[in-house]
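Here is what each chain is made of, one letter per residue.
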Amino acid sequence: MTYTAPTREIQFILDHIVGLDQVRETERFADATADVVEAILQEAGKLSTEVLAPLNRVGDLEPATLENGVVRCSTGFDKGYEAIAEGGWVGMAADAEFGGMALPMTVATAVNDMLSGSCLSLSLNPLMSMGQIEALEHHASDHLKSVYLPKLISGEWNGTMNLTEPQAGSDVGALASKAVDNGDGTYAITGQKIFISWADNDFTANTCHLVLARLPDGAKGTKGISLFMVPKYIPDEDGNPGKANSLRVVSLEHKMGLHGSPTAVMEYDGATGWIVGEEHAGMKAMFTMMNNARLGVGVQGVGIAEAAYQHALAYANERKQGRSPIENGTGTIIDHADVRRMLATMKAQTFAARSIALYCAVSIDMATATGSADWQARAALLTPIAKAFGTDVGIDVANLGVQVHGGMGFIEETGAAQFGRDVRVTAIYEGTNGIQAMDLVARKMMDGGEAAFRLLEDVQKYSEKARSQFPELTESVWSAAESLRETTEWLVAQDDLADRFAGAVPYLRAFALVLGGFAHLNAASVEGGDGARTRLAQFFVKRLLPEHTALLQHVREGASDLYAITPEDLAL
Ligand SMILES: Cc1cc2nc3c(=O)[nH]c(=O)nc-3n(C[C@H](O)[C@H](O)[C@H](O)COP(=O)(O)OP(=O)(O)OC[C@H]3O[C@@H](n4cnc5c(N)ncnc54)[C@H](O)[C@@H]3O)c2cc1C
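Residues numbered from 1 in each chain as written. Predicted model: local features only at pLDDT ≥ 70, side-chain atom pairs only at ≥ 80, totals over all residues. Heavy atoms only, no water.

**Details of the overall build of the protein**
Scanning the protein for helices and strands turns up 21 helices and eleven strands. Dimensions along the principal axes, computed over C-alpha positions, put the protein at roughly 75 × 60 × 55 Å. Going through the 572 residues of the protein one by one, you find that 58% of them count as buried. Counted over contacts in the protein with a minimum sequence separation of 6, partners at least 24 positions apart contribute 74%. Summed over all atoms, the accessible surface of the protein reaches about 23,200 Å², with 52% contributed by carbon and sulfur. (Helix = DSSP H or I, 4+ residues; strand = E, 2+ residues; numbered from the N terminus. Buried < 20%, exposed > 50% of the residue type's maximum accessible area, 1.4 Å probe, protein only. Contact = heavy atoms within 4.5 Å. Areas by Shrake-Rupley, 256 points an atom, 1.4 Å probe, with all protein chains shown as cover.)

**Things to note about unusual backbone geometry**
You will see that Phe195, though not glycine, has its phi angle at about 60 degrees, which is positive. Mapped onto the secondary structure, Phe195 falls in strand 5 (residues 187–197). Residue His280 is not a glycine yet carries a positive backbone phi of 65 degrees. Turning to its location among the elements, His280 is positioned in the loop between strand 11 (263–275) and helix 9 (282–318).

**Some points on the packing of helix 7 (residues 120–139) against helix 9**
In the contact formed by helix 7 and helix 9, the axes pass within 8 Å of each other and the chain directions differ by 150 degrees. As far as their axial angle goes, helix 9 and helix 7 are roughly antiparallel. In this structure, the crossing between helix 7 and helix 9 has a hand that is right-handed. When helix 7 is examined against helix 9, the residues Leu120, Leu124, Leu127, Met128, Met130, Gly131, Gln132, Glu134, Ala135, His138 and His139 are found in contact with a partner set consisting of Lys284, Ala285, Thr288, Met289, Asn292, Gly296, Val297, Gln300 and Ile304. When its residues are assigned to classes, the contact of helix 7 with helix 9 shows ten nonpolar, eight polar and two charged. (Axes fitted to C-alpha atoms, helices over the stretch in contact; angles between N-to-C directions. Parallel < 35°, antiparallel > 145°, perpendicular 65-115°, else oblique. Left-handed = near helix turned anticlockwise from the far one by under 90°. Nonpolar A, V, L, I, M, F, W, Y, C, P; charged D, E, K, R; others polar.)

**Describing the pattern of salt bridges**
By the definition in use, this model includes 25 salt bridges. In this structure, Arg340 engages Asp335 in a salt bridge whose closest nitrogen and oxygen atoms are separated by 3.8 Å. Overall, Asp335 belongs to the buried group, its relative accessible area being 4%. Here Lys444 ties to Asp439 by a salt bridge, and the two come within 2.8 Å at their closest N and O atoms. You can call Lys444 buried: its relative accessible area is 13%. With relative accessibility at 12%, the residue Asp439 sits in the buried group. Residues joined in a network through salt bridges with shared partners are Arg57, Asp60, Glu412 and Arg421. (Salt bridge = Lys/Arg side-chain N within 4 Å of Asp/Glu carboxyl O.)

**A few points about the packing of aromatic side chains**
If you walk through the whole model with that rule in mind, you get seven aromatic pairs. Between Tyr148 and Trp157 the ring centres are 5.7 Å apart and the planes differ by 70 degrees, which places this aromatic pair in the edge-to-face class. Judged by relative accessible area, which is 2%, Tyr148 ranks as buried. Every member of this aromatic cluster is reached through a ring pair, and the members are Phe77, Tyr81, Trp198 and Phe203. Between the NZ or CZ atom of Arg378 and the centre of the ring of Trp375, over which it lies, the distance is 5.9 Å. Its end group placed over the ring of Phe12, Arg533 keeps NZ or CZ at 3.6 Å from the ring centre. (Phe/Tyr/Trp six-rings, centres within 6.5 Å; stacked < 30°, edge-to-face > 60°. Lys NZ or Arg CZ within 6 Å of the ring centre and 35° of its normal.)

**Section: helix 11 (residues 373–404)**
End to end, helix 11 covers 45 Å across 32 residues, agreeing with the expected 46 Å (1.5 Å per residue, within 8%). Roughly 30 degrees is the biggest bend found in helix 11, and it falls at Leu382, with proline Pro384 one to four residues downstream. Where helix 11 begins, the side chain of Ser372 points an oxygen toward the backbone nitrogen of Asp374, at a separation of 3.2 Å. (Expected span 1.5 Å × (residues − 1). Bend = angle between axes of the 7 residues up to and from the residue. Polar contact = N/O pair within 3.5 Å; in protein donor to acceptor, adjacent residues only side chain to side chain.)

**Observations regarding the site of the ligand**
In the region of the ligand, 19 residues are neighbours, and Met161, Thr164, Ser170, Phe195 and Thr432 sit closest. Within the side chain of Ser170, an N or O atom sits 2.6 Å from an oxygen atom of the ligand. Within the side chain of Thr432, a nitrogen or oxygen atom sits 2.7 Å from an oxygen atom of the ligand. Surface burial for the ligand is 62%, taken as the share of its 970 Å² of free accessible area covered by protein chains. (Near = heavy atom within 4 Å.)

Here's what the structure looks like:
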């Protein structure tokens, strides 16, 4: 069973659930007409299904290796990358000035969903470049832009992000890499970075590292960090790769999954770098890249959920086991209630996570196009939810996919296990999901919860429109939003952040379930009767949404009982 890009499903969500229309009605994105978007989805779907999906297993079986300091990639990844670059997909959302397509983030996110679902390990490469392009567009000097953007956008060069060091993971501010001003417009960068994705390869002409380091007068913590462009080969006067820079891949990690993506330990030994943005303002510039990447990682989870679901559905439709418990059954395991439950959960959760991610992207586009503070706040609020819920769903769905396969799920040749191994890291990198949840309840609630309240008001207002058609479903979604609103009031009233953090993860999940319920209700409404989308909405709202009650109860417990459990208790 191979992957088939879910273009129809994505098109439905864009047209009916998240309102891509409002994006194309803005002057900025007027070119993203319905025809253009449809053609783009079809083309990206074809690339994903026909070119990238066949590489997925190869990447798993033939991990990238380091040979005499050179990274050798999995067989066929060069051709797969070439197809991505030639199609212009690296520069989908980039400015047209440097060769980008200037498409809405919503369309780029939909495409990233398909690229991720077909071959996660290879698609991580252009995803990193996309984030780097956005960071450079916003923060780099005109000179850096003119040298790097055309090459990154065309895919001739690729980009990486270098934050992590052994002692500086979630706590980026603890980094020790140093930068010294060379006095000629360049800086000397020295330090070790770990876990760097796609730090090298054997198919792009240059690899451009965005590296966080501290200048001698940089304050301790995140405030004293600066961001530097440190290319593998220093561009010559014509902008072509010239002298090799003083940096090297020390080793590649042996990982649980995502084998096709080289994850490197990097050493910078007085490497030549150029500052991006202001001195000591590196985190601000890096955040541009990280926000982009967070949504991108959220749809990595959605993409894998889709792939794992397709795999499990195909298996369930073939595997015969036991007598069918229903009349006119198919005679395969899909007839069993528990298998039906698993498949419905997989499908319904994937729809919810995809809708949230695409609505987050719509909010980003509306913020970009209108400059509206409300849209900005909505995009900021939704980003950690899209990242954490999308990746949690990816993991849950891949796990259920293994279960649907029974023993064969545990056997590598079916490919079901690979989805679970590959997607696991998405809840860890780009800020762990725990850190995302803390961001949601702290930084994103610095407005006293205003953005959250406005979103919940919209959920309630628009749910009302479905009340006459679906009274029960509407009431469930409406009152779940109400409970979430009340808990949000409780949350923002907690001055001690520990009380918010203790329930941050369940809060984020409850928020996502409410938004997911709303998306399903809308889908049922659009369908207008007793069809597949309505039955799936009923399943989600009646069986999955009620989890929000327990989650919100968890949130309101605060931190005291948690910290009452001592490290000694845990060692009991
Ligand atoms: C395959 C892979 C690819 C990666 N690619 C890149 C890359 O390209 N570039 C890059 O810079 N990095 C990359 N990373 C690193 C990744 O971003 C980090 O692993 C991640 O940020 C977590 O840091 P850590 O591993 O040090 O875990 P830690 O920070 O040690 O976290 C351990 C646990 O403690 C929790 N925790 C930590 N601090 C807090 C806190 N303040 N409050 C509550 N809980 C906390 C975490 O949520 C986690 O559960 C990659 C990692 C992997 C595995």
